[in-house]
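Structural description and commentary
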Amino acid sequence: MKHLSHEQLWQLALNGTAAEPHLDACLTCLSALDDIKAAQGVLRAMPEPPPMPAAMARRVEVKLLDVLEARQAKAWTSWFPSMPRFAFAAIAMAVLVGGAWVLAQQTKGDEVLPVALGPPPVVMPASAEPKLTATVASAKNARSSNAALKTTQVLREGSSLSTDKGGSLWVRLPDGSRAGLTAASEMKLHTLEEKTLTLELAKGSVALVVPHREDRLLTVRAGELEVRDLGTQFLVSREVGRIVVAVEEGSVEVRVPGLTRTVRAGQAVAYQQGQLDELEPLRPVPPKVRPPPRIEEQPAVTAQVVAEAADDESPPPPEVDDPAAEWAQAPVIANSPAAENANVPPMPPNEMVTATPRPGLSLGAIERRVNDLRRQIRSPFTQGGSLRQQRARDIGRAADAGDCLRAVDLANEWLRYAHDPPEEIGVRREVLFQKMRCLRRMGRVPEADLVRRELEAMP
Amino acid sequence: MTALLTSGHMHSDLALIDSAAVDPLRALALQARAGESVAFTKLYERTREQAWRVLYRVVGHSPDLEDLVQEAYLQLMKALKAYRGDSKVTTFLHRVCVNVGLMHLRSKRRRPEDPTDALPEGETSEAASPERAAQVKQAALLVQQALTMMSDEKAQVFAYHDLLGLKPEEISELVDAPVNTVRSRLNRARADFTVAVTKLKGRGP
């Protein structure tokens, strides 16, 4: 008698055995059927999967995000493992052997062909010019290398200066120029030499009151932008993605890669996205409301007295024998139209009566000026789709490069101007993702979760 | 299972674009393959329940489930590099999840039993009655042990058909074998499963 196949028995166990007479006569098949029924019973008793716990889903997502990030970061260096390591070793060995051979040849040459003894070589220093110093003219919540700065403190080349929120700092440079650092700014005294003065603005704004001198070059660098003074009062402001240069008086030369441009009094330019754009003409900064000194009641004052009377944020007084500094600190004459009407141009130097600090030069006024200028700048994020997509890619690049702070700033800026046309939804999602990723990386988890929820709510 | 995807073998770019337009998962998979991390996370969000169910069916109520889901998506990330858009995304996902689950069961079988290797009963949906909970736990354990006693090929086909409820035609795509081969492999797998369960229950020889 032929037994039933396992397949037939499986079907019988599923559908019932009533139609199978073979089972009445075959104990082997009956026993096999019992086993199959038991196995099917086990399968039927299997638990129904509950929904995936939300917390677990989130945790897995976070882990996956970390892996994705790591992979993206690795992608930059993915060529390395693909190149055989022995090739690196061979190249390194060749360089070492080559270098050793060159050295050996030089030594050998010296031995065989001794040169005539001449005067000992003069070891030139990196720069022949003697190093000068700058001094702190006034400081409020300002520091250098984490130490608070004090008035008259001497600053050497290479000093990094910074101001806290609400802080200000005026520095007198060796040539008599003055540099005013507004709140939350960072600047380095890169070079302090007789013929070269170079400041590097890392962030925030610096105002310069500079007597023009042909015999030295004063430069302010902010990223790839360089401002060279041509005798002026100007300010340079640097923030994420753009740099603003505004000239109050005189003119400066602004240099960016591939372009040099002279910016004159009343003009301002913004450098962003590799482009130097002119802003609206500057309006004079309105002076602070304060009772103007009366000439007939106020005798000619010394520089020291003026300094005491001045606003804390005003620049330090000029040296008495420094005509350039006098020029820089054009006065406000009591009851003069300049004091009453901000639209009147500054008084020329030859009309000075007293050396009261110029109101427009207070660092507070400069900050207001910078804010005005920023408002004028047409944000690149408000422009057409392709540029916004380009900016979105910048955000990704910043995030990939680990510059999370910048990426978040750029993302916020991008999102501020987002108006969500249908074709922008995908880009917006990417921007939100990069923001979430950076916030997480910076440990700002609650903010990241908010962004995540926003992402989840998107179509 | 969500029947979102269209079947067929379309190899031209145009066809891929068309299919991606019709099938959001496929579009996401293609974007993820191109390196778009947002697309991958979106894919995860839309398919994680399926992955979870597959893994739950295979490995049961295990504390390793979280790691396994993660591992499955990491495997999927790799597998997507070879994805051409001509098959269902869920096909990829099922295959990856079943493989990850079976691999886990085998590795678990090799290492000594961990007394903490189970979640508290209170977390299971079947824990309303203690008897039912014990039954469920016993059944899951038997199935997992039986799967480890089968060959890879048979365990896969058995899991696809009898644990996940896929049809032989769908399994044929998953295991890249003709439907008849799948059917015969399934019969042999069921026989092995029956023997394994009988043996595990102590009724066998």
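Since the structure is predicted, the reported quantities are computational estimates derived from the model, not experimental observations.

Cut-offs used in this document
Residues numbered from 1 in each chain as written. Chains lettered and ligands numbered in written order. Predicted model: local features only at pLDDT ≥ 70, side-chain atom pairs only at ≥ 80, totals over all residues. Heavy atoms only, no water. Helix = DSSP H or I, 4+ residues; strand = E, 2+ residues; numbered from the N terminus. Contact = heavy atoms within 4.5 Å. Areas by Shrake-Rupley, 256 points an atom, 1.4 Å probe, with all protein chains shown as cover. Buried < 20%, exposed > 50% of the residue type's maximum accessible area, 1.4 Å probe, protein only. Axes fitted to C-alpha atoms, helices over the stretch in contact; angles between N-to-C directions. Left-handed = near helix turned anticlockwise from the far one by under 90°. Nonpolar A, V, L, I, M, F, W, Y, C, P; charged D, E, K, R; others polar. Buried area = accessible area lost by both parts, 1.4 Å probe. Salt bridge = Lys/Arg side-chain N within 4 Å of Asp/Glu carboxyl O. Core = buried A, V, L, I, M, F, W, Y, C linked by side-chain atoms within 4.5 Å. pLDDT = per-residue confidence, 0-100. Expected span 1.5 Å × (residues − 1). Parallel < 35°, antiparallel > 145°, perpendicular 65-115°, else oblique. Arc of directions from axis to C-beta. Phe/Tyr/Trp six-rings, centres within 6.5 Å; stacked < 30°, edge-to-face > 60°. Disulfide = S-S within 2.5 Å. Pairing = 2+ DSSP bridges.

1. Observations regarding the overall build of chain B
- What chain B contains, in helices and strands, is nine helices and zero strands.
- The order of α-helices and β-strands along chain B, N terminus first, is α-α-α-α-α-α-α-α-α.
- In chain B, 65% of the contacts between residues at least 6 apart in sequence involve partners at least 24 apart.
- A total of about 9,700 Å² of accessible surface is found on chain B, and carbon and sulfur atoms cover 52% of it.

2. What about the overall build of chain A?
- Summing up its helical and strand segments, chain A has 14 helices and 13 strands in all.
- Burial analysis of chain A (459 residues in total) assigns 42% to the buried set.
- Sequence-distant contacts in chain A: of pairs separated by 6 or more residues, those separated by 24 or more amount to 49%.
- When the accessible surface of chain A is totalled, it reaches about 24,500 Å², and 56% of it is carbon and sulfur.

3. Description of the packing of helix α2 (residues 24-33) of chain B against helix α3 (residues 37-59) of chain B
All names here are of chain B.
- The contact between α2 and α3 brings their axes to 8 Å, and the two run at 145 degrees. The handedness of the crossing between α2 and α3 is left-handed. Residues P24, L25, L28, A29, Q31 and A32 of α2 lie in contact with α3, whose contacting residues are A39, F40, K42, L43, R46 and T47.
- Class assignment for the residues of the contact of α2 with α3 results in eight nonpolar, two polar and two charged.

4. Quick notes on the interface of chain A and chain B
- Between chain A and chain B, the contact holds 40 residues from the first and 42 residues from the second.
- Across the interface of chain A and chain B, roughly 4,000 Å² is buried in total on both sides, 63% from carbon and sulfur atoms.
- If you sort the residues of chain A by the area they bury against chain B, M46, M52 and L64 of chain A come out on top, with a joint share of 15%.
- Two residues, K63 of chain A and E66 of chain B, come together in a salt bridge whose shortest N-O distance is 3.2 Å.

5. Some remarks on the nonpolar core
- Residues F40, Y73, L147 and F193 of chain B are the most contacted members of the largest nonpolar core, which totals 80 residues.
- Excluding its chain neighbours within four sequence positions, the residues that come into contact with L147 of chain B are V58, L102, L105, R106, A155, F158 and L163 of chain B.
- Counting residues in hydrophobic clusters, the runner-up holds 37 residues, among them L201, V220, I243 and V256 of chain A.

6. Describing the confidence of the model for chain A
- Looking at chain A as a whole, the pLDDT averages 71, with 67% of positions reaching at least 70.
- For residues 317-360 of chain A, every residue scores under 50 in pLDDT, and the model assigns this stretch 79 contacts once sequence neighbours within four places are set aside.

7. Quick word on helix α4 (residues 65-79) of chain B
- Between the first and last C-alpha of α4 of chain B there are 20 Å, a value that for 15 residues agrees with the 21 Å anticipated at 1.5 Å per step.
- Within α4 of chain B, the full set of buried residues consists of L65, E66, L68, V69, Q70, A72, Y73, L74, L76 and M77 of chain B.

8. Thoughts on the packing of α3 of chain B against α4 of chain B
Residues and elements named next belong to chain B.
- In the contact formed by α3 and α4, the axes pass within 9 Å of each other and the chain directions differ by 125 degrees. Accordingly, the angle class assigned to the pair α3 and α4 is oblique. Once α3 is placed against α4, the crossing between them reads as right-handed. Contacts between α3 and α4 pair F40, L43, Y44, T47, R48, A51, W52, L55, Y56 and V59 from the former with L65, L68, V69, A72, Y73, L76 and M77 from the latter.

9. Comments concerning the pattern of salt bridges
- In the structure shown here, the tally under the stated rule is 19 salt bridges over all chains.
- Here E48 of chain A and R57 of chain B are joined by a salt bridge, their closest N and O atoms 3.0 Å apart. Placement of E48 of chain A in the loop between α3 (27-44) and α4 (54-75) and of R57 of chain B in helix α3 is noted, with the two residues assigned to different chains.
- The class of R57 of chain B is buried, set by a relative accessible area of 18%.
- Salt-bridge contacts for R255 of chain A lead to E253 of chain A; the nearest nitrogen and oxygen are separated by 2.9 Å.
- Of the residues examined, R255 of chain A reaches a relative accessible area of 30% and is grouped as partly exposed.
- By sharing partners, the salt bridges in this structure join R59 and K63 of chain A together with E66 and D67 of chain B into a single network.

10. Quick notes on helix α14 (residues 445-457) of chain A
All names here are of chain A.
- Between its first and last C-alpha atoms α14 spans 18 Å; for 13 residues at 1.5 Å apiece the expected length is 18 Å, and the two agree.
- Of the positions making up α14, those classed as buried are A448, V451, R452 and L455. Angularly, the buried residues of α14 cover 105 degrees about the axis, an arc narrow enough to put them on a single face. Those residues of α14 that are exposed and angled more than 90 degrees off the buried face are P446, L450, R453 and A457.

11. Notes on the side chain of T91 of chain B
Residue and element names in this part refer to chain B.
- Mapped onto the elements, T91 comes out in helix α5 (residues 89-110).
- Residue classification places T91 among the buried residues on the basis of a relative accessible area of 8%.
- Excluding residues that lie within four positions of it along the chain, T91 makes contacts with E173 and L174.

12. Section: the packing of aromatic side chains
Residue and element names in this part refer to chain B.
- According to the stated counting rule, one finds four aromatic pairs over all chains in the structure shown.
- Each ring, one from W52 and one from Y56, has its centre 5.7 Å from the other, and the planes form 45 degrees; the classification is tilted. In this pair, W52 and Y56 are both assigned in helix α3, four residues apart and thus about one turn of the helix distant.
- With relative accessibility at 2%, the residue Y56 sits in the buried group.

13. Overview of the state of the cysteines
- Across all of its chains, the model carries zero disulfides over all chains by this definition.
- Looking at the unpaired C438 of chain A, the closest cysteine sulfur is the one in C404 of chain A, lying at 3.3 Å.

14. With respect to unusual backbone geometry
- A positive phi is found at N141 of chain A, a non-glycine position, where the angle reads about 50 degrees.
- Secondary-structure assignment places N141 of chain A in strand β1 (residues 133-144).
- Look at D176 of chain B: it is not a glycine, yet its phi comes out positive at around 55 degrees.
- In this fold, D176 of chain B is placed in the loop between α8 (168-175) and α9 (179-200).
- A residue is classified by how much of its surface remains accessible, and D176 of chain B, at 70% relative accessible area, is exposed.

15. Structural notes on the environment of L25 of chain B
All names here are of chain B.
- Within the secondary structure, L25 sits in helix α2.
- Owing to a relative accessible area of 3%, L25 belongs among the buried residues under this scheme.
- For the pair L25 and F40, spaced 15 residues apart in sequence, the C-alpha to C-alpha distance is 10.0 Å.

16. Some words on the pairing of strand β4 (residues 160-172) of chain A
Residues and elements named next belong to chain A.
- Where β1 lies against β4, eight bridges are found, and the strand directions are antiparallel. Opposite R143, over in β4, you have S162 as the bridge partner.
- Relative to strand β5 (residues 178-181), β4 runs antiparallel, the two being bridged by four bridges. When the bridges of β5 are listed, R172 appears paired with R178.
- Hairpin connection of β4 to β5: five residues between the antiparallel strands, including G176 at a positive phi of 95 degrees.

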